[in-house]
Amino acid sequence: MLNIVIFGAPGAGKGTQSERLVEKYHLTHISTGDLLRKEIADGTELGKRIKGIMDAGNLVGDDIVTEMIDNAIAKDDKGILFDGFPRNVAQAETLDKLLEKHGRKLTCMVSLDVPREELVRRMLERAKISGRSDDNETTIMNRLKEYEAKTLPVAAYYEKKGLHIKVNGYGTIDDIFSSIVNEIEKIK
Ligand code: ADP
């Protein structure tokens, strides 16, 4: 059973590549960003608590996403593509524990490498159509700052475990997808 983390800065193309990967490998797509946005859209208590945090481009509390991931793994029987999680080293440690608790192991973490200027360009482009309240220039800059300070160390965490696969995320969607598949086929 494959259990893969897709990793990269905001705007790196995780969502786009995730859609294709889950189809090809019949995985369950768990996007913490999507799950959190659903809470807001549904107007739940949790949604009300996290809206301001997400609109500012800050990370929501680890406890909140941990519970979501624990529930998602418990429900799944296909293998999971984790998108947007883990987003800091504490969450990476949590993921290890949760996978172990459910008798699973991480296959690899695929990280999409994209130059910063291109990330900003893509997000500003997406802002025109996404309707996401965090796709505006101020929040985009803060999301990149959060990424560099808190999320980037997660790559080193998996590098140490020999599970980090880096893929060039700058190019056509098809070419990037081929590179990812190529890497997964080598180890699966
Ligand atoms: P992007 O990676 O393009 O910024 P996401 O949809 O992955 O978009 O995340 C949007 C927002 O959701 C983040 O800025 C953050 O506030 C929140 N979020 C998503 N995943 C997590 C997580 N694992 N831990 C904390 N906050 C998260």
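As a reminder, the structure under discussion sits directly above these lines.
In this report, the structure presented in the accompanying data block is examined. Just so it is clear, the structure is predicted and the values come from calculations on it, not from any experiment.

This part takes up the overall build of the protein chain. Along its length, the protein chain carries nine helices and five strands. Mapped from its N terminus to its C terminus, the protein chain presents α and β elements in the order β-α-β-α-α-α-β-α-β-α-α-α-β-α. For the protein chain, the C-alpha radius of gyration of 16 Å lies close to 16 Å, the compact-globule estimate for 188 residues. Per-residue burial for the protein chain yields a buried fraction of 47% across its 188 residues. Approximately 9,800 Å² of the protein chain is accessible, and the part contributed by carbon and sulfur atoms is 51%. Charge separation in the protein chain, taken as the distance between the mean sites of 29 positive and 31 negative side-chain charges, equals 0 Å.

Moving on: the environment of Asn88. For Asn88, the position within the fold is in the loop between strand E3 (80-83) and helix H5 (89-101). We classify Asn88 as buried; its relative accessible area is 13%. It is 13 Å that separates the C-alpha atoms of Asn88 and Thr32, two residues lying 56 residues apart in sequence. For Asn88, the contacting residues outside a window of four places in its chain are Leu59, Asp62, Lys150 and Val154. Of note is the side chain of Asn88, whose polar atom sits 3.1 Å from the side chain of Asp62.

Every one of the 19 residues lining the ligand counts as a neighbour, but Thr32, Arg37, Asn58, Gly84 and Gln91 are closest to it. In the environment of the ligand, an oxygen atom lies 3.1 Å from a nitrogen or oxygen atom belonging to the side chain of Arg132. Between the ligand and the protein, one listed contact pairs an oxygen atom with a side-chain N or O atom of Arg143 at 3.1 Å. Coverage of the ligand by the protein amounts to 96% of the 550 Å² it exposes when considered alone. Sorting elements by how many residues they give to the shell around the ligand places helix H2 (residues 32-41) first, with four residues. Partitioned by chemical class, the residues of the shell around the ligand number seven nonpolar, five polar and seven charged.

What counts and what doesn't
In this numbering scheme, every chain counts its residues from 1 along its sequence in written order. Residues qualify for local features only when their pLDDT is at least 70, as the model is predicted, and side-chain atom pairs are given and counted only at 80 or more; totals for whole chains, interfaces and linings, by contrast, use all residues. The side-chain values count all of the structure's non-hydrogen atoms but skip hydrogen atoms and water molecules. Only DSSP runs of H or I covering at least 4 residues are called helices, and only runs of E covering at least 2 are called strands; the numbering of each starts at the N terminus. Within these notes, the globule rule equals 2.2 Å times the number of residues to the 0.38 power, and the radius of gyration is based on C-alpha atoms. Each residue is assigned to one of three classes by its accessible area relative to the maximum for its type, calculated with a 1.4 Å probe on protein chains only: buried under 20%, partly exposed between the two thresholds, exposed over 50%. Calculation of accessible area relied on Shrake-Rupley with a 1.4 Å probe; when residues are assessed, cover is drawn exclusively from the protein chains displayed. Two residue types count as positive, namely Lys and Arg, and two as negative, namely Asp and Glu; His and chain ends fall outside the count. A charged residue contributes its charge at one atom only: NZ of Lys, CZ of Arg, CG of Asp or CD of Glu. Contacts are assigned to residue pairs with any non-hydrogen atoms lying within 4.5 Å of each other. By the criterion applied in these results, polar contacts are pairs of N or O atoms within 3.5 Å in which, for protein atoms, one can donate a hydrogen and the other can accept it, and in which residues neighboring in sequence qualify only through two side-chain atoms. We call a residue near a molecule or strand as soon as one heavy atom of that residue lies within 4 Å of the molecule or strand. We call Asp, Glu, Lys and Arg charged. Ala, Val, Leu, Ile, Met, Phe, Trp, Tyr, Cys and Pro are nonpolar, and the rest, Gly among them, are polar.

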